[in-house]
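# Residue-level structure breakdown
As a plain string of letters, each chain reads:
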Amino acid sequence: MAATTVYKEPAPQVGNTENPLESMMSRFNIAAEILGLDDTSYEVLKAPDKQVIVHLPVMMDDGKVHVFEGYRVVHNTILGPSKGGIRYDKNVNLDEVKALAAWMTWKCAVVDIPYGGAKGGIICEPTTMSVGELERLTRAYTVSMKDVFGPDRDIPAPDMGTGPREMAWIMDEFSKAVGQTASAVVTGKPLVMGGSLGRTEATGRGVMVSCLAALAKLGMKPEETSVAVQGFGNVGSWASKLLFDKGLKVKGVSDISGAYWNENGINIDEAIAYKNAHSGRLEGFEGAEPMDPTKLLISAVDVIVPAAVEDVITEHNAPHIQAKLIVEGANGPTSASADPIINEKGILVVPDILANSGGVTVSYFEWVQNKQGFKWSLDMVTDRADRIMADAFEKVYAVSLKYNIPMRIAAYVVAIDKVAQTYKYRGGY
Ligand code: NAD
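Residues numbered from 1 in each chain as written. Predicted model: local features only at pLDDT ≥ 70, side-chain atom pairs only at ≥ 80, totals over all residues. Heavy atoms only, no water.

Over its 16 residues, helix α1 (residues 20–35) extends 23 Å from the first C-alpha to the last, a length consistent with the 22 Å expected when each residue adds 1.5 Å. Burial runs high along α1: 13 of the 16 residues are buried. Where α1 begins, the side chain of Asn19 points an oxygen toward the backbone nitrogen of Leu21, at a separation of 2.8 Å. Just past α1, the residue Gly36 takes up positive phi, approximately 65°. (Helix = DSSP H or I, 4+ residues; strand = E, 2+ residues; numbered from the N terminus. Expected span 1.5 Å × (residues − 1). Buried < 20%, exposed > 50% of the residue type's maximum accessible area, 1.4 Å probe, protein only. Polar contact = N/O pair within 3.5 Å; in protein donor to acceptor, adjacent residues only side chain to side chain.)

See the structure below:
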């Protein structure tokens, strides 16, 4: 599709910054306009295919039954079976799940893997629940979604609050429901039961690969570059570790317990060892000084990597960002209202749907291996994933130059163009 419109910086949209669905849609609208997307394709791609809401009665350890609300949103299956994680968190809501599902569609299209997008979530507080309660909840959710999930239909994966343990329960419960072993119904499984080598670090690794690619475009040397990483879970800790290994100075890190700063650089191996020994939290880590968490993303570093939650870069803190580069490990960390401020400041942003797509790429490899009944070596996984990430970065960067648009909008242009073109070939009613 040819471009019909010149990109215009949208006015800041004060007041809607906390809704990730609105943030996603405002970028979608800009990209659709640049592409000259026809009305039919626009309507088809805008709305999710399917939204399932379930209420799950689960026996808690105290003998009382608690009814949990859960969601699965399948945004789109034009490119293939839908793919997307399951989030356990007290703040999960339908709009958030809808936005996350759409981001999965765009993400898979950006890295050119044959998946559509979906996302799931359950309103719960996983850190306060026992293993037994979590297992009963996960199995109940799986049974309620047995007609949604499927190795060629909709393939869940971990997201915040879930991991290999929950994926193993889902695989087991789904397999029982369909009467056969269905390894490929879910990715992010433990290694012994069909998980892929390299999946755990895949998202953080993709963040590292895209960060290095962006530094090269900016003419910056890794060993002369400082970074602050928000979030020290799967994505943040692996991104920190791999950037640290590449010689970047990680001056600041944070998690839910607070933020930590060391002007001379934090030893990330020590920080990870400390976190692993202290219930997954950095609280009390002595390799850095505690700092005000609200200052982390506006601290004096060259690169910031938000790798925790949505809407942490807003019109309020964006004017104070000192970094030259933002690499989005989290989904939706920048609200739409912050985009024009960041662009005006000339900060390069590697957007979420590109920067954190290493995870879904290796999830795809896991699914392929399950379907092949074969296991790839770690080198095979990382070489292929790194190549996909590097190619996707170059494609998006080239589109951003071609239309003179920020990389975020360029990533949406690449993704929407691919899905819309495929939709045209497949046709409709
Ligand atoms: P996680 O649960 O492993 O870690 C989340 C981290 O963020 C924890 O360290 C937590 O303490 C911290 N945190 C939570 N709220 C915070 C706050 N307000 N300030 C600072 N830190 C805070 O989750 P994850 O898998 O690392 O996911 C992080 C983000 O990356 C999410 O947006 C997720 O959707 C996205 N993502 C994850 C993957 C993946 O493969 N895990 C893939 C793509 C995108």
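Here we come to the packing of helix α6 (residues 202–218) against helix α11 (residues 358–372). The geometry of α6 relative to α11 is characterised by a closest axis approach of 7 Å and an angle of 130° between their N-to-C directions. Classified by the angle between their axes, α6 and α11 sit oblique to one another. Crossing of α6 against α11: the hand is right-handed. Two secondary-structure elements touch here, α6 through Ala202, Thr203 and Gly206 and α11 through Gly358, Gly359 and Val362. In the contact of α6 with α11, the residues fall into 2 nonpolar, 4 polar and no charged. (Axes fitted to C-alpha atoms, helices over the stretch in contact; angles between N-to-C directions. Parallel < 35°, antiparallel > 145°, perpendicular 65-115°, else oblique. Left-handed = near helix turned anticlockwise from the far one by under 90°. Contact = heavy atoms within 4.5 Å. Nonpolar A, V, L, I, M, F, W, Y, C, P; charged D, E, K, R; others polar.)

It is worth spelling out the site of the ligand at this point. What surrounds the ligand is a group of 22 residues, the closest being Arg87, Thr203, Val235, Ile256 and Asn331. Within the side chain of Asp159, an N or O atom sits 2.9 Å from an oxygen atom of the ligand. Here the ligand, which alone exposes 820 Å², has 81% of that area covered by the protein. Along the lines of polarity and charge, the residues of the shell around the ligand split into 8 nonpolar, 9 polar and 5 charged. When residues of the shell around the ligand are sorted by domain, at least three fall in each of domain 1 (1–46 + 201–356 + 406–429) and domain 2 (49–183). (Near = heavy atom within 4 Å. Areas by Shrake-Rupley, 256 points an atom, 1.4 Å probe, with all protein chains shown as cover. Domains from an automatic or database assignment.)

As summarised here, the arrangement of the 7 strands in space is β9-β8-β7-β6-β10-β11-β12, forming an open sheet in which the pairing is mixed. Each of the sheet's edge strands pairs with one partner strand only, and the pair in question is β9 (289–291) and β12 (348–350). For this sheet, the mean inter-axis angle between neighbouring strands, taken without regard to orientation, is 20°. One ladder, built from 4 bridges, connects strand β6 (residues 226–230) with strand β10 (residues 303–306); its direction is parallel. Its bridge partner lying in β10, Ala228 is registered against Ile304. (Pairing = 2+ DSSP bridges.)

With that out of the way, let us pick up unusual backbone geometry. The phi angle at Ser279 is positive, at roughly 50°, despite the residue not being glycine. Position of Ser279 relative to the elements: it lies in the loop between α8 (268–277) and β9. The exposure class assigned to Ser279 is exposed, which follows from its relative accessible area of 73%.

Moving on, we get to the sheet that holds strand β4 (residues 116–123). Whenever strands of a sheet pair, they do so through backbone hydrogen bonds, lying parallel or antiparallel. Overall, mixed pairing links the 5 strands, which are arranged β1-β2-β4-β3-β5 in an open sheet. The open sheet has two edge strands, β1 (50–59) and β5 (154–158), and neither has a second partner. Here the average twist between neighbouring strands, direction ignored, is 25°.

Domain boundaries in the protein define domain 1 (1–46 + 201–356 + 406–429) and domain 2 (49–183). Distance from the C-alpha centre of domain 1 to the C-alpha centre of domain 2: 24 Å. Contacts between the two partners involve 27 residues from domain 1, matched on the other side by 22 residues from domain 2. Carbon and sulfur atoms supply 68% of the area that domain 1 and domain 2 bury against each other, a total of about 2100 Å² over both sides. Joining domain 1 to domain 2, the criterion identifies 2 salt bridges. (Buried area = accessible area lost by both parts, 1.4 Å probe. Salt bridge = Lys/Arg side-chain N within 4 Å of Asp/Glu carboxyl O.)

As a further point, take the packing of α6 against helix α12 (residues 378–403). Across the interface, α6 lies against α12 with an axial gap of 10 Å and an inter-helix angle of 45°. With respect to α12, the element α6 is oriented oblique. You can see that α6 and α12 cross each other, and the crossing is right-handed. Note on element contacts: α12 touches α6 through Thr382, Asp386, Met389, Ala390, Phe393, Glu394 and Tyr397, opposite Arg205, Gly206, Val209, Ser210, Ala213, Ala214 and Lys217. The residue inventory of the contact of α6 with α12, partitioned by class, reads 7 nonpolar, 3 polar and 4 charged.

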